[in-house]
Amino acid sequence: MSNRPVTEWFGEAPERGFRQLFAVREELLHTRSAYQDMRVLETVPFGRMLVLDGAVQTTEADEFIYHEMLVHVPLLHVEHPRDVLIIGGGDGGALRRVLAHGVAKATMVEIDEQVVRVSREYLPAVGAGAFDDPRANVVFADGAAYLREAAGESFDAIIVDSTDPVGPAQVLFSADFFASAYRALRPGGVYVTQVGSPILLPGELREAYRGLGALFPHCRAYLAGIPSYPAVLLGFLMAGKEPFAWATPPEIRARWEERWLETAYLTPELATAAFVLPAYVQAIISGQDLSQGRFPVVV
Ligand code: SAM
C-alpha cells in the first residue's frame, strides 16, 4: 500500500481563500447515501479518511485528538455520568470514548445509517468495537427531531458530534435545538459541540456561543489542534446547566484515575488548560468588533 503512487490531491472546498490538500493513494469508496456524498480515501499523511459532502470527518491518524477532546473534556466535569446522548458521531469514535467513562447507557442518534455501515467496514479502528457494546443504543434519526420528541428522557451529557452547520447538521446549531438540549439535560449536566475553525469561521463560533449563552448559565470555549481539519485549530463550546460546578484540577485528576482513561492526546492538566484562550478567540466570543485590524480575522 505505501508504495502506491499518489493518484489525487484531495482538498475541501476553499474556505475564505484557504485550502489544505492531502495526497491520496487510493479511493476505497465513493457512494451517495440518502443524505450525503460519501468517500473513503487512503491518504498518505493520515491513513484512511472519511469524507462527507466534500468535508473531512475523521482520519485514522488523528481521530484520537478530536474524540478525546470532544468527549473526555466534558465528561470529566460530570461526577457520575450514567446516561449520555451523542448526536451524529457515525464513525463510532465518540461512542467509544463515552463508554470508557463507565456509563450505564450511551445513546447515539445518527441521521445516516450508511455512515455507520461504512465506518465499521472501512475504519474499524475508530469505533474499536464500541457498536457491539451492550450499553450502546444506536438510533437512526435526525438528532433535532429525536430530542424534540424525547419526552421524559434525560441525560447527564449531550455531545454533538456533527458535520459542520450546513446541510443536515444545520438544525443542530439552531435556538430550538439548544432549547430542547437544555430541557433534556439533567441538573448539573453538560452540553458540548464542535464549532469549526475560530480563524476561518469566527462568525460560527460567535453565533453558537451567543445561542448557548442565552440559555445556559455557564458556557466556555476550548481549543485543540487537529491537523486534518481546516487550518488545524478547532473550537469547541461546552455549556453547563444549573447547578453546575466546573471540576477543579484535583477533581479532574481523581476522576481520570477512577475511570482508568487511556488517551494519546489529553492529559488531566490539558483538560483544564484547553480553556485558556488566545486573545483573538476571547474577542470573538465576547462580540468585539474584529474589523478594525487589531485581530487578523474579519467576521
Ligand atoms: N468529527 C466530525 C467533524 O466535525 O467533521 C463529525 C463526524 S461524524 C461522522 C458527523 C455525523 O453527523 C455524520 O455521520 C452525519 O451523518 C451526522 N449528522 C449530521 N446531521 C445530523 C443530524 N441532524 N442528526 C443526526 N446526525 C447528524
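Refer to the structure printed above.
Calculation notes
- Residues numbered from 1 in each chain as written.
- Predicted model: local features only at pLDDT ≥ 70, side-chain atom pairs only at ≥ 80, totals over all residues.
- Heavy atoms only, no water.
- Buried < 20%, exposed > 50% of the residue type's maximum accessible area, 1.4 Å probe, protein only.
- Helix = DSSP H or I, 4+ residues; strand = E, 2+ residues; numbered from the N terminus.
- Pairing = 2+ DSSP bridges.
- Core = buried A, V, L, I, M, F, W, Y, C linked by side-chain atoms within 4.5 Å.
- Domains from an automatic or database assignment.
- 1 Å grid on protein atoms, 1.4 Å probe; cavity = no way out; pocket = protein on both sides within 12 Å on 5 of 7 lines; lining within 4 Å.
- Points joined across faces, edges and corners; volume = space filled by probe spheres on them.
- Nonpolar A, V, L, I, M, F, W, Y, C, P; charged D, E, K, R; others polar.
- Near = heavy atom within 4 Å.
- Polar contact = N/O pair within 3.5 Å; in protein donor to acceptor, adjacent residues only side chain to side chain.
- Areas by Shrake-Rupley, 256 points an atom, 1.4 Å probe, with all protein chains shown as cover.
- Sits in = over half its atoms within 2 Å of the grid points.
- Axes fitted to C-alpha atoms, helices over the stretch in contact; angles between N-to-C directions.
- Contact = heavy atoms within 4.5 Å.

S.K.: I'd love a proper account of the pairing of strand β10 (residues 185-196), names of residues and values included.
M.R.: Most of β10 is tucked away, with ten of its twelve residues classed as buried. Pairing geometry for strand β9 (residues 155-161) and β10, over five bridges, is parallel. When the bridges of β10 are listed, Phe155 appears paired with Leu185. As paired strands, β10 and strand β12 (residues 233-240) are joined by six bridges and run antiparallel to one another. Bridge pairing in β12 links Tyr191 to Ala239.

S.K.: Could you give an account of the nonpolar core, with specific residues and numbers?
M.R.: In terms of nonpolar packing, the biggest core is built from 50 residues, with Leu95, Val98, Tyr222 and Phe236 touching the most fellow members. For this core, the element with the most residues is helix α1 (residues 63-75), which contributes seven residues. Here this core spans two domains, and each of domain 1 (8-59) and domain 2 (63-286) adds at least three residues to it. Counting 34 residues, the second largest nonpolar core, distinct from the first, contains Leu85, Ala144, Ala208 and Leu212.

S.K.: Can you lay out the layout of surface pockets for me, pointing to particular residues and giving the numbers?
M.R.: Space inside the second largest pocket adds up to approximately 170 Å³. Along its surface, the second largest pocket is lined by 14 residues, and His77, Val78, Glu79, Gly188 and Ala245 are the ones closest to its centre. Where the lining of the second largest pocket is concerned, the elements lending two or more residues are β10 and α8 (249-258). Ranked by the residues each element gives to the lining of the second largest pocket, the list is headed by β10, at three residues. Grouping the constituent residues of the lining of the second largest pocket by class yields seven nonpolar, three polar and four charged.

S.K.: I'd like a rundown of empty space enclosed by the protein, residues and numbers included.
M.R.: To find leftover empty space, a probe the size of one water molecule is rolled over the atoms. The tally for this structure, following the rule as stated, stands at one cavity of 30 Å³ or more. There is about 500 Å³ of room inside the largest cavity. Together, 36 residues line the largest cavity, and Gln57, Asp161, Ser162, Thr163 and Asp164 are the ones closest to its centre. Secondary-structure elements contributing two or more residues to the lining of the largest cavity are β4 (47-52), β5 (55-59), α1, β6 (83-88), β7 (105-110) and β10.

S.K.: Describe the site of the ligand, naming the residues involved and giving the relevant values.
M.R.: For the ligand, the set of nearby residues contains 26 residues, the closest of which are Gln36, Glu110, Asp142, Gly143 and Tyr229. At a separation of 3.4 Å, an oxygen atom of the ligand approaches a polar backbone atom of Ser162. Protein coverage of the free-state accessible area of the ligand, which is 600 Å², stands at 99%. Comparing atom positions with the cavity grids shows the ligand to sit within the largest cavity. Counting residues per element, the ones that place at least two in the shell around the ligand are β5 and β7.

S.K.: Kindly report on the sheet that holds strand β2 (residues 21-32), identifying the contributing residues and their values.
M.R.: With antiparallel pairing, five strands are arranged side by side in an open sheet as β1-β2-β3-β4-β5. The sheet is open, and its two edges are formed by β1 (8-11) and β5, each paired on a single side. Here the strands of the sheet are splayed against their neighbours by 40° on average, with no regard to which way each runs. Sheet topology places β1 next to β2; four bridges connect them, and they run antiparallel. In the sheet register, Gly11 faces β2, and the bridge partner there is Leu21.

S.K.: Now, about the sheet that holds strand β8 (residues 136-140): what can you tell me, with residues and values included?
M.R.: Taken in spatial order, the seven strands make up an open sheet running β8-β7-β6-β9-β10-β12-β11, and their pairing is mixed. Edge positions in the sheet fall to β8 and β11 (218-225), since each of these pairs with one other strand and no more. Averaged over all neighbouring strand pairs, the angle between strand axes comes to 15°, with direction disregarded. Those strands touched by helix α6 (residues 175-184) are β6, β9 and β10, and its axis lies near 145° from that of β10. In this fold helix α7 (residues 202-213) packs onto β10, β11 and β12, with an angle of close to 170° to the strand it touches most, β10.

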